[in-house]
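Architecture at a glance
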Amino acid sequence: MDLRTLRYFIAVLEAGSLSRAAGSLYIAQPALTAQIKKLEGELGAQLFERSHVGVTPTPAGLQLYQDARRLLSDADAMRDRIQRVPEGPEGSVTVAAPFLLAALLLGPVLAALKLSHPRIRVFVLDDLSLMVKKAMVERRADVGILVDAPLVDGLRCEPLACESIFLCGRDADGTLAPRLRSPRGRKAARPEIDFELAARLPLVLQSRRFSIRQRVEDAAATLGVTLNVVHEQDSARVIRSLYVCGAGFTFTPACTLGDTAPGSRDWIVARVVRPELQRSYFLATPSDRTIEPATSVVMDALAEQTARLIRDKVWDARLLSPS
């Protein structure tokens, strides 16, 4: 059985007649009939029912038709890949990223790669920062964006960006706005709020397994203040619903500011200072693997888009220098 014989078989089935198939294939009908009989002998099954009006496939013939089409399609694709002139990197790359940053960064990156490198397929794992790190350590991703993790055993980590954490929520009675600080020496127009004041506000926070909550807890412990947590939920959507409706304030990184809430007079977005809360991002790859060309392209795209978002002031962050 060879590919040519399978093509003959498909032509006969689709034509419904040996004579019509022979005409479309430009071969003699006896030669075509001999090829079909030879195929039936090799497979040990009758492929067609013959009649004076033509041929109809048997159940075995229908099964072979489905399998043969897939096989010939794979063969054509294999030939194209071998004959094709190299056009740059290709392959699959899995990116693990914290979900808060993924919403801002990954869409533009994937759209740009689709245009510049259509033969690279990118799969995204977006999760909690802890789970992103776990995916990289377990080698389930080729490149990851880690939060506050400059050194991880088994990974090479390069600095990417650093962003501030903000307090946001509704100042319904207007008592908070007058207590905010005007920024000094900053180009940004965002006001500032002392952490100690923010900690006393009614807070809507995720649980302690989340990195931002851990950062807030560490700052509170350092200052010896108690957080006024009125709602604790793990769902980011529920947290957003709570602070948008005025149930409290929350701490959120700069990458989410474009999706916090519509601008309104009572809406507060203030950079947390004294101490200033920040989080850093690092591009990580397995240290025991050579970085493949496709992975390198994706890493460059992540770095370039990060720089673009910061330059265009879409993301209130700063680039970190490579080590």
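All values derive from a computational prediction rather than experimental measurement.

1. Considering the pairing of strand β2 (residues 54–57)
Within a regular strand, side chains alternate between the sheet's two faces. Pairing between strand β1 (residues 48–51) and β2: four bridges, direction antiparallel. Following the sheet pairing, Arg50 is matched in β2 by Val55. Count of turn residues in the β1/β2 antiparallel hairpin: two residues.

2. Thoughts on the pairing of strand β5 (residues 143–147)
Summarising burial for β5: five of the five residues are buried, a large majority. Both faces of β5 are covered, namely the face carrying Val143, Ile145 and Val147 and the face carrying Gly144 and Leu146. The sheet contact formed by strand β3 (residues 91–98) and β5 spans two bridges and is parallel. Looking across to β5, one finds that Ala96 is bridged to Gly144. Inspection of the sheet shows β5 paired to strand β12 (residues 278–286) by four bridges, in the antiparallel sense. When the bridges of β12 are listed, Gly144 appears paired with Ala284.

3. Some details on the packing of helix α2 (residues 18–25) against helix α3 (residues 29–43)
α3 packs onto α2 with a crossing angle of 110° between their chain directions and a minimal axis gap of 9 Å. Overall, the two elements α2 and α3 adopt an arrangement that is roughly perpendicular. In this structure, α2 uses Leu18, Ser19, Ala21, Ala22 and Leu25 to contact α3, whose residues at the interface are Gln29, Leu32, Thr33 and Ile36. Looking at the contact of α2 with α3 residue by residue, the classes come out as six nonpolar, three polar and no charged.

4. Some points on unusual backbone geometry
Trans is the prevailing form of peptide bonds, just as negative phi is the prevailing case for residues other than glycine. Following Arg274, the chain continues to Pro275 via a peptide bond in cis, the omega torsion being 0°. Checked against the element boundaries, Pro275 lands in the loop between β11 (267–273) and β12. A positive phi angle, near 65°, is found at Arg139, a position not held by glycine. When you line up the elements, Arg139 lands in the loop between α6 (129–137) and β5.

5. A few points about the packing of helix α5 (residues 99–116) against helix α10 (residues 293–311)
Angle between the axes and distance between the axes are the two parameters that describe a pair of packed helices. One way to put it is that α5 packs onto α10 with a least axis distance of 9 Å and a crossing angle of 125°. On the basis of their axis angle, the class for α5 and α10 is oblique. Here the hand of the crossing between α5 and α10 comes out right-handed. Across the interface between the two elements, Leu104, Leu105, Leu106, Pro108, Val109 and Leu113 of α5 pack against Val297, Val298, Ala301, Leu302, Gln305, Thr306 and Leu309 of α10. A breakdown of the residues in the contact of α5 with α10 according to their chemical character gives eleven nonpolar, two polar and no charged.

6. Here we look at the packing of aromatic side chains
A full pass over the atoms with the stated rule returns four aromatic pairs. Measuring from ring centre to ring centre gives 5.9 Å for Tyr243 and Trp267, while their planes differ by 35°; the resulting arrangement is tilted. Here the residue Tyr243 occupies a position in helix α9 (residues 236–244), and Trp267 occupies one in strand β11, the gap between them amounting to 24 residues. Classification of Trp267 as buried rests on a relative accessible area of 11%.

7. A short note on the layout of surface pockets
There is about 370 Å³ of room inside the second largest pocket. When residues of the lining of the second largest pocket are traced back to their parent elements, those giving at least two are α5, α6, β5 and α8 (211–223). For the lining of the second largest pocket, the element with the highest residue contribution is α8, accounting for five residues. The residue makeup of the lining of the second largest pocket, split by class, is ten nonpolar, four polar and seven charged.

8. Looking at the pattern of salt bridges
Per the stated rule, a full pass over the model turns up 19 salt bridges. Glu138 is paired through a salt bridge with Lys134; the nearest N and O atoms lie 2.6 Å apart. The class for Lys134 is partly exposed, based on a relative accessible area of 38%. In this structure, the salt-bridge partner of Asp312 is Arg311, at a minimum N-O distance of 3.5 Å.

9. Concerning the environment of Ser211
Within the element layout of this structure, Ser211 appears in helix α8. Spatially, the C-alpha atoms of Ser211 and Ala31 are 73 Å apart, while their sequence positions differ by 180 residues. Non-local contacts of Ser211, meaning those with residues more than four positions away in its chain, are made with Ser129, Val147 and Arg279.

Parameters at a glance
Residues numbered from 1 in each chain as written. Predicted model: local features only at pLDDT ≥ 70, side-chain atom pairs only at ≥ 80, totals over all residues. Heavy atoms only, no water. Pairing = 2+ DSSP bridges. Helix = DSSP H or I, 4+ residues; strand = E, 2+ residues; numbered from the N terminus. Buried < 20%, exposed > 50% of the residue type's maximum accessible area, 1.4 Å probe, protein only. Axes fitted to C-alpha atoms, helices over the stretch in contact; angles between N-to-C directions. Parallel < 35°, antiparallel > 145°, perpendicular 65-115°, else oblique. Contact = heavy atoms within 4.5 Å. Nonpolar A, V, L, I, M, F, W, Y, C, P; charged D, E, K, R; others polar. Left-handed = near helix turned anticlockwise from the far one by under 90°. Phe/Tyr/Trp six-rings, centres within 6.5 Å; stacked < 30°, edge-to-face > 60°. 1 Å grid on protein atoms, 1.4 Å probe; cavity = no way out; pocket = protein on both sides within 12 Å on 5 of 7 lines; lining within 4 Å. Points joined across faces, edges and corners; volume = space filled by probe spheres on them. Salt bridge = Lys/Arg side-chain N within 4 Å of Asp/Glu carboxyl O.

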